[in-house]
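If you want the building blocks of each chain, they are given just below.
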Amino acid sequence: MIVNNLSLKSVSVCMATYNGEKYIFEQLKSILNSDKITEVIISDDGSTDKTKNIIESFKDKRIKIIEGPKKGLIKNFENSIKNATGKFIFLSDQDDVWLDNKVDIMLEKLCKYDLVCSDCFVTNKDLEVTTQSFFKLNKSKKGIFKNIVKNSYLGCCIGFNQKLVKDILPFPEKIGMHDWWIGLVAELKYSTLFLEEKLIYFRRHSNTNSITACESNFSISRKIKWRLTIAYSLLKKILF
């Protein structure tokens, strides 16, 4: 009964694209399979390949393509989220694949929690599973200090209530990654859940935009700066 009631409420999928022609069709097809999705907000950051043509080929009225700010991945996701109108917001990368039951399971949990982050299968470019559980690989769990040190909130696995938007946007400058900030703000001010069920195939390949589940090439000094910035931004949330 809970899921049936939730299905009457609007669900936005927020995606940021840039030159994603290789995998975007497969990802969008998996998302649009769900009749619970009412809109897919795609902020395209100036793709020069066939990404937009592939998106438009779906001819699905739920898809809304908007022009990105051309300031990188984090600002591109911010642009998508601020244009979402759904009661619930799901984040999506341009190159993964959703399992058929993802939306139903997430919505049921979002009836009780403000933000839900599911587990996922980590795969190679051909969707061959390389790691059975991102949670186990990453040692994902709740905790403000734990998640400042190492982020557990994988954006492509996150769904949250629209009411969070007023607290997560605009994203602070130089925070490293948007999902890191969203998860920490949710822990600070709302209720969160790490859902053990694996609901997407999280594809890793040579053109991946994020370093999650990959070896990081960033310097120690940059990593420290990111953590100091995000800790300071959270402190401002508490005080002001």
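The following refers to the structure shown. (Residues numbered from 1 in each chain as written. Predicted model: local features only at pLDDT ≥ 70, side-chain atom pairs only at ≥ 80, totals over all residues. Heavy atoms only, no water.)

**Quick notes on the environment of Leu164**
- As for its placement among the helices and strands, Leu164 is situated in the loop between β8 (158-161) and α8 (165-168).
- Judged by relative accessible area, which is 0%, Leu164 ranks as buried.
- A C-alpha to C-alpha distance of 8.1 Å links Leu164 and Tyr190, two positions 26 residues apart in sequence.
- Apart from residues lying up to four places away in sequence, Leu164 is in contact with Asp114, Leu115, Ala186 and Tyr190. (Helix = DSSP H or I, 4+ residues; strand = E, 2+ residues; numbered from the N terminus. Buried < 20%, exposed > 50% of the residue type's maximum accessible area, 1.4 Å probe, protein only. Contact = heavy atoms within 4.5 Å.)

**What to know about the nonpolar core**
- If you look at the biggest cluster of nonpolar residues, it comprises 63 residues, and the most contacted ones within it are Val40, Ile81, Phe90 and Phe160.
- Apart from the residues lying within four places of it in its own chain, the contact partners of Phe90 are Val11, Ser12, Val13, Cys14, Trp98, Lys102, Val103, Met106, Leu107, Leu110, Ile158 and Gly159. (Core = buried A, V, L, I, M, F, W, Y, C linked by side-chain atoms within 4.5 Å.)

**Section: the packing of aromatic side chains**
- Counting across every chain of the model gives six aromatic pairs.
- Between Phe121 and Tyr201, the aromatic rings sit 5.4 Å apart at their centres with planes inclined by 25°, giving stacked as the arrangement. Of the two residues, Phe121 sits in strand β6 (residues 115-123) while Tyr201 sits in strand β9 (residues 192-203), which places them 80 residues apart along the sequence.
- Overall, the relative accessible area of 27% leaves Tyr201 in the partly exposed class.
- In textbook terms, an aromatic cluster arises when at least three aromatic residues are bridged by ring pairs, as seen for Phe135, Tyr153 and Phe194.
- Over the ring of Trp98 we find Lys102, and its NZ or CZ is 4.5 Å from the ring centre. (Phe/Tyr/Trp six-rings, centres within 6.5 Å; stacked < 30°, edge-to-face > 60°. Lys NZ or Arg CZ within 6 Å of the ring centre and 35° of its normal.)

**Some details on unusual backbone geometry**
- Between Leu169 and the following residue, Pro170, the backbone shows a cis peptide bond with an omega angle of -5°.
- Within the secondary structure, Pro170 sits in the loop between α8 and α9 (178-189).
- Positive phi values are uncommon outside glycine, yet Asn19 reaches one of about 45°.
- Within the secondary structure layout, Asn19 lies in the loop between β1 (11-17) and α2 (24-32).
- Although it is not a glycine, Leu127 adopts a positive phi angle of roughly 65°.
- Assignment of secondary structure puts Leu127 in the loop between β6 and β7 (129-131).

**Brief notes about helix α4 (residues 73-82)**
- Three or more residues of α4 are buried, namely Asn76, Phe77, Glu78, Asn79, Ser80 and Ile81.
- For α4, the elements touching its buried residues are β1, β2 (39-44), β3 (63-67), β4 (88-92), α8 and α9.

**Describing the pairing of β2**
- The element β2 is extensively covered by neighbouring structure, given that six of its six residues are classed as buried.
- Side chains Glu39, Ile41 and Ser43 of β2 all project onto a buried face; the interleaved residues Val40, Ile42 and Asp44 project onto the opposite face, where all are buried too.
- Summarising the sheet, β1 and β2 pair through six bridges and their orientation is parallel. Bridged to Val13 within β2 is Val40.
- The parallel pair β1 and β2, bridged by α2, forms a crossover whose chirality is right-handed.
- Here five bridges tie β2 to β3, and the two strands are oriented parallel to one another. (Pairing = 2+ DSSP bridges. Right-handed = clockwise from strand over helix to strand, strands pointing away.)

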